[in-house]
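Below, each chain spelled out in residue letters.
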There are 2 protein chains.
Amino acid sequence: MSTDQHKIPQATAKRLPLYYRFINNLHHQGKLRVSSKELSEAVKVDSATIRRDFSYFGALGKKGYGYNVEYLLSFFRKTLDQDELTKVALIGVGNLGTAFLHYNFMKNNNTKIEMAFDADKGKVGEEVGGVSVYHIDQLEDMLKNTDVAILTVPSSEAQNITERLVEAGVSGILNFTPARITVPDHVRVHHIDLSVELQSLVYFLKHYPLDEEE
Amino acid sequence: MSTDQHKIPQATAKRLPLYYRFINNLHHQGKLRVSSKELSEAVKVDSATIRRDFSYFGALGKKGYGYNVEYLLSFFRKTLDQDELTKVALIGVGNLGTAFLHYNFMKNNNTKIEMAFDADKGKVGEEVGGVSVYHIDQLEDMLKNTDVAILTVPSSEAQNITERLVEAGVSGILNFTPARITVPDHVRVHHIDLSVELQSLVYFLKHYPLDEEE
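Quick caveat: nothing in here was measured; it's all calculated off a predicted structure.

(A) Region of the structure containing the packing of aromatic side chains. Taken as a whole and judged by the stated rule, the model has 16 aromatic pairs over all chains. Here Phe75 of chain B and Phe76 of chain B contribute two aromatic rings whose centre-to-centre distance is 5.6 Å and whose plane-to-plane angle is 80°, an arrangement assigned as edge-to-face. Phe76 of chain B shares its class with Phe75 of chain B; the two are buried. Seen from their ring centres, Phe100 of chain B and Phe176 of chain B are 4.8 Å apart, and the 70° between their planes marks the pair as edge-to-face. Placement of the pair is Phe100 of chain B in helix H5 (residues 95-102) and Phe176 of chain B in the loop between strand E9 (172-175) and strand E10 (188-191), with a sequence separation of 76 residues. Pair check on accessibility: Phe100 of chain B and Phe176 of chain B agree, each one buried. An aromatic cluster is present here, built from Tyr19, Phe54, Tyr67, Phe75 and Phe76 of chain A joined pairwise through their rings.

(B) Quick peek at the pattern of salt bridges. Residue and element names in this part refer to chain B. All told, the structure shown has 12 salt bridges over all chains when counted by the stated rule. Between Arg164 and Glu140 there is a salt bridge, with its nearest N and O atoms 2.8 Å apart. Residue Arg164 is found in helix H7 (residues 155-167), and its partner Glu140 is found in helix H6 (residues 139-142); the two are separated by 24 residues along the sequence.

(C) Fine view of the sheet that holds strand E8 (residues 148-151) of chain A. All names here are of chain A. Taken together, the seven strands give an open sheet; going across it, the order is E6-E7-E5-E4-E8-E9-E10, and neighbouring strands pair in mixed fashion. Here the strands that pair on one side only, and so sit at the sheet edges, are strand E6 (127-128) and strand E10 (188-191). Where E6 lies against strand E7 (residues 131-135), two bridges are found, and the strand directions are antiparallel. Following the sheet pairing, Glu127 is matched in E7 by Ser132.

(D) Geometry of the domain arrangement of chain A. By domain assignment, chain A separates into domain 1 (5-79) and domain 2 (86-196). The straight-line distance from the C-alpha centre of domain 1 of chain A to that of domain 2 of chain A is 31 Å.

(E) Seen up close, the side chain of Asp193 of chain B. With respect to the element layout, Asp193 of chain B can be found in the loop between E10 and helix H8 (194-207). With a relative accessible area of 4%, Asp193 of chain B lands in the buried category. A distance of 2.7 Å separates the side chain of Asp193 of chain B from the side chain of Arg21 of chain A, its partner in a polar contact. In this structure Asp193 of chain B touches Arg21 and Tyr103 of chain A together with Pro178 of chain B, once residues within four positions along its chain are discounted.

(F) Region of the structure containing helix H3 (residues 47-55) of chain B. Residues and elements named next belong to chain B. What H3 keeps buried is the set Thr49, Ile50, Asp53 and Phe54. The buried residues of H3 all sit within an arc of 130° when viewed along its axis, so they share a single face. Of the surrounding secondary structure, the elements contacted by the buried residues of H3 are helix H1 (10-28), helix H2 (36-43), strand E3 (66-68) and helix H4 (69-79).

Calculation rules
- Residues numbered from 1 in each chain as written.
- Chains lettered and ligands numbered in written order.
- Predicted model: local features only at pLDDT ≥ 70, side-chain atom pairs only at ≥ 80, totals over all residues.
- Heavy atoms only, no water.
- Phe/Tyr/Trp six-rings, centres within 6.5 Å; stacked < 30°, edge-to-face > 60°.
- Buried < 20%, exposed > 50% of the residue type's maximum accessible area, 1.4 Å probe, protein only.
- Helix = DSSP H or I, 4+ residues; strand = E, 2+ residues; numbered from the N terminus.
- Salt bridge = Lys/Arg side-chain N within 4 Å of Asp/Glu carboxyl O.
- Pairing = 2+ DSSP bridges.
- Domains from an automatic or database assignment.
- Polar contact = N/O pair within 3.5 Å; in protein donor to acceptor, adjacent residues only side chain to side chain.
- Contact = heavy atoms within 4.5 Å.
- Arc of directions from axis to C-beta.

Here it is in structure tokens:
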């Protein structure tokens, strides 16, 4: 696997965790091989895209045979560093934060929410989804070797908390607040804006009617 | 505005609601014009991309002057059909569903969650974020002229509920369950998988360190 992964297009990279999950499912079902068509139907990505994505990693499949599930699995596990655990902190145990904590991120993957923080003293000391909730004032004391934070605080707090996270050494932030946050160049932010996602779907419905496509 | 919007790349289309929101903010702040650099800093999209995106709509800006905020606003409002309300139903009033209902989608935009459904009779009749919760058995009776549904049910229910939504005439589904759902060709599904988003961030942190980029 000497592929230079820096050359994988970001759009391909984004689909890797999705591929991994479904190949893992197939493996659990005892399947030995899978065609790009089957994979396509399972992950809802067209098969041409799947073949192109896989081609960046070298010839993983054979024509007429498809892909070997076990080989794909070990390949993706390695590529996605599934054996290396990334520690995650969640900031803001409101409804969205609580939903996250109950969602089992450990299932077949390499991330674990290890602690949660909230400004509400009534929540401090509780366990939500098996994760202990600390007071936001403890952030700097508790965050050691935590690379990633999930931000589910109110918008008005987003920038302030972000600065504290960065100061504490966090290098990746999954921002679920509507606020666009400013970070130093070495920090990566992925922003998921629920309202933008909904508007985007509506826009696509109106302007890209599926009956007219392809 | 005779631009054939079917030719806008989907990546551009996805950014439109984001642009709209920030241009609206600028307008509320009384700003008359904005440079692509300022816009870039606000929405965290590089300015070359912004200029290219805007170019699909014709010459909206002037070199050295930037963009006229009021013109941009009216343009995006029209493009995004901000004056036309899309009715949305939310299925599954758990933590994630509740977070959605409290999130004010009506702020400056064209979507409104009009009703929510849940299988738990204890929730039926409640109002969450100003939205009434109905029993899931009432789905077919209540959904009239509802185009879009947000799916925040347990994974195991996702496909079954999807089929009922499609049968009731829903043409767009924002799927927040980890399940990949199968729909007829004319139905559009946008899938937001929280676990995949987190894994994707971790992958990017490891393989695309920002210090090395650009």
